[in-house]
Amino acid sequence: MENSISVIFIAIIMGTLARVLMIRVDYRQYPSYPQSFVSHLILGFVAACLGAVVTPAFLTKDYGAVTFLALATAQFKDIRSMERDSLERLENMELVRRGEAYIEDIAKRFEARNYVSFLTSFSVCTISSILNHIFELEVFLLLIVEIVFGFFLILFLKSILKPNTIADIADIKEGKIHFKGPLLMVDEVVIMNIGYQVSKDIILEKGMGITIYPKDENAVATLANIGQRQAIIHNLASQLGIRKDVDEPDFTPLARREPSTGNISLFILTMNNIPRDGIVIAKNVPVLESARRKPDGSEKKEG
Amino acid sequence: MAKETIVAIVTTNKEKVLYSGPPVFYAESKEEAEKTAMLLSKITLAMIHDVENECFIIVQH
């Protein structure tokens, strides 16, 4: 009995650790604030607790423990909707919106990270309970096995869940901003019609143009997604600082597509016009799960 | 997609606008037209577009 308590304890720690290692605090992604940081740590801990007690409960022939699993999925679904709600509520206050696709992606990612917590503590606990049953190991040895296994599992799950970035599917270069009459162009793509001369001058002086060249057919389809483009723009704006106010729609950053090639040209007016930084940021934007397309069918499964 | 509405038209040539739904502001010169368009766009939080036939349209996006 004492064995199982320390086994559960370590499993909970490993599960929480999984969540800790997957919390990324930076200016790009939510949660970037201490409040949500704490609440997600606690939720990760709760998930780990749920995972850790399932197997020991089964071993003591308490089959009611299955309800734990139902409880866990319900809790994780709540986390997803909680994130979605709060981000959607903030959306109107953003000068440059995240876009629904990006919000959904972030919410899903939070849910998945809690599953990782749950899965880690569950697997760690199960493995060590089985080992304990078969070999009757020393507690000390058992705990070491748990910790080592837990670490590998966390690393494995983390690598699976790591999102692709735009750099994986496209090349990004600086684009040239110019005007054709009232039409703002980045390279050869029309972005929008601007009628006000002062805005035009500011854009020519301070604007940044970026063109994204998809590497293959799949990337063309993925980048065509409006949510994906909005995510790129949002990341650029939030990290470089946007030079725009509510009464200046002329400076709204926009991404437009060249239909014949699928290249995306985008225009943004930032506080510091350093295209090199913009390119680095655009490269690190995650490819949204909902935007990913594979029209070339290279990964089509048989049957 | 939000609905786009033309909230006003500023023109230097009365001949170019017929039966307009949105209000039309007549300006004597291009400079005056630009200024009127700018002021209107600030008030309505809308954007000035140049349709290149002596007219500016102010559109809410």
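Residues numbered from 1 in each chain as written. Chains lettered and ligands numbered in written order. Predicted model: local features only at pLDDT ≥ 70, side-chain atom pairs only at ≥ 80, totals over all residues.

Brief notes about the sheet that holds strand β2 (residues 177-180) of chain A
Residues and elements named next belong to chain A.
Line of reasoning, step 1. Strands sit in the order β2-β3-β4 across an open sheet of three strands; the sheet is antiparallel. Strand pairing shows two members of the sheet lacking a second neighbour, β2 and β4 (189-193), which therefore form its edges. Within the sheet, the average angular offset between the axes of one strand and its neighbour, ignoring direction, is 35 degrees.
Line of reasoning, step 2. Note that β2 and strand β3 (residues 183-186) share four bridges and pair antiparallel. Residue pairing in the sheet places Ile177 in a bridge with Val186 of β3. (Pairing = 2+ DSSP bridges. Helix = DSSP H or I, 4+ residues; strand = E, 2+ residues; numbered from the N terminus. Axes fitted to C-alpha atoms, helices over the stretch in contact; angles between N-to-C directions.)

Topic: the nonpolar core
Residue and element names in this part refer to chain A.
Line of reasoning, step 1. Core analysis: the biggest nonpolar cluster contains 84 residues, and Ala11, Ile232, Leu266 and Ala282 have the highest contact counts within it.
Line of reasoning, step 2. For this core, the element with the highest residue contribution is helix α4 (residues 100-135), accounting for eleven residues.
Line of reasoning, step 3. Among the domains, domain 1 (2-162) and domain 2 (167-283) are the pair contributing at least three residues each to this core.
Line of reasoning, step 4. Beyond its immediate stretch of four places on either side in the chain, Ile232 contacts Ile166, Ala255, Leu266, Ala282 and Val285. (Core = buried A, V, L, I, M, F, W, Y, C linked by C-beta atoms within 7 Å. Buried ≥ 20, exposed ≤ 12 C-beta atoms within 10 Å, placed from the backbone. Domains from an automatic or database assignment. Contact = placed C-beta atoms within 7 Å.)

Regarding the packing of helix α2 (residues 34-59) of chain A against α4(A)
All names here are of chain A.
Line of reasoning, step 1. Contact geometry of α2 with α4 gives a least axis separation of 7 Å together with a crossing angle of 30 degrees. Considering their axes alone, α2 and α4 lie roughly parallel with respect to each other. Crossing handedness for the pair α2 and α4: right-handed. Residue-level inspection shows Leu43, Gly44, Ala47, Ala48, Leu50, Gly51, Ala52, Val54, Thr55, Pro56 and Leu59 of α2 in contact with α4, the latter providing Asn114, Ser117, Phe118, Leu119, Ser121, Phe122, Cys125, Thr126 and Ser129. (Parallel < 35°, antiparallel > 145°, perpendicular 65-115°, else oblique. Left-handed = near helix turned anticlockwise from the far one by under 90°.)

Observations concerning the interface of chain A and chain B
Line of reasoning, step 1. Counting residues at the interface gives ten residues for chain A, matched by 13 residues for chain B.
Line of reasoning, step 2. The residue inventory of the side of chain A that touches chain B, partitioned by class, reads four nonpolar, four polar and two charged. (Nonpolar A, V, L, I, M, F, W, Y, C, P; charged D, E, K, R; others polar.)

Re the sheet that holds strand β3 (residues 47-50) of chain B
Residues and elements named next belong to chain B.
Line of reasoning, step 1. As summarised here, the arrangement of the four strands in space is β2-β1-β4-β3, forming an open sheet in which the pairing is mixed. The sheet is open, and its two edges are formed by β2 (24-26) and β3, each paired on a single side. Along the sheet, successive strands turn relative to each other by an average axial angle of 25 degrees, direction set aside.

A look at the packing of helix α9 (residues 226-240) of chain A against helix α10 (residues 275-283) of chain A
All names here are of chain A.
Line of reasoning, step 1. Contact geometry of α9 with α10 gives a least axis separation of 9 Å together with a crossing angle of 130 degrees. With respect to α10, the element α9 is oriented oblique. Considering only the axes of α9 and α10, their crossing is right-handed. Contact with α9, carried on its side by Ile232, Asn235, Leu236, Gln239 and Leu240, involves Asp277, Gly278, Ile281 and Ala282 of α10 and no other residues of that element.

What about unusual backbone geometry?
All names here are of chain B.
Line of reasoning, step 1. Unlike most non-glycine residues, Leu45 shows phi in positive territory, near 55 degrees.
Line of reasoning, step 2. Position of Leu45 relative to the elements: it lies in the loop between α1 (30-44) and β3.
Line of reasoning, step 3. A positive phi angle, near 65 degrees, is found at Glu52, a position not held by glycine.
Line of reasoning, step 4. Along the chain, the position of Glu52 falls in the loop between β3 and β4 (55-60).

Let's talk about the domain arrangement of chain A
All names here are of chain A.
Line of reasoning, step 1. Partitioning chain A into structural domains gives domain 1 (2-162) and domain 2 (167-283).
Line of reasoning, step 2. Taking the mean C-alpha position of each, domain 1 and domain 2 sit 38 Å from one another.
Line of reasoning, step 3. In this assembly, ten residues from domain 1 lie in contact with 14 residues from domain 2.
Line of reasoning, step 4. Grouping the constituent residues of the side of domain 1 that touches domain 2 by class yields five nonpolar, one polar and four charged.

Some remarks on the environment of Glu248(A)
Line of reasoning, step 1. Mapped onto the elements, Glu248(A) comes out in the loop between α9 and β6 (254-257).
Line of reasoning, step 2. In this structure, the C-alpha to C-alpha distance between Glu248(A) and Glu138(A), residues 110 residues apart in sequence, is 69 Å.

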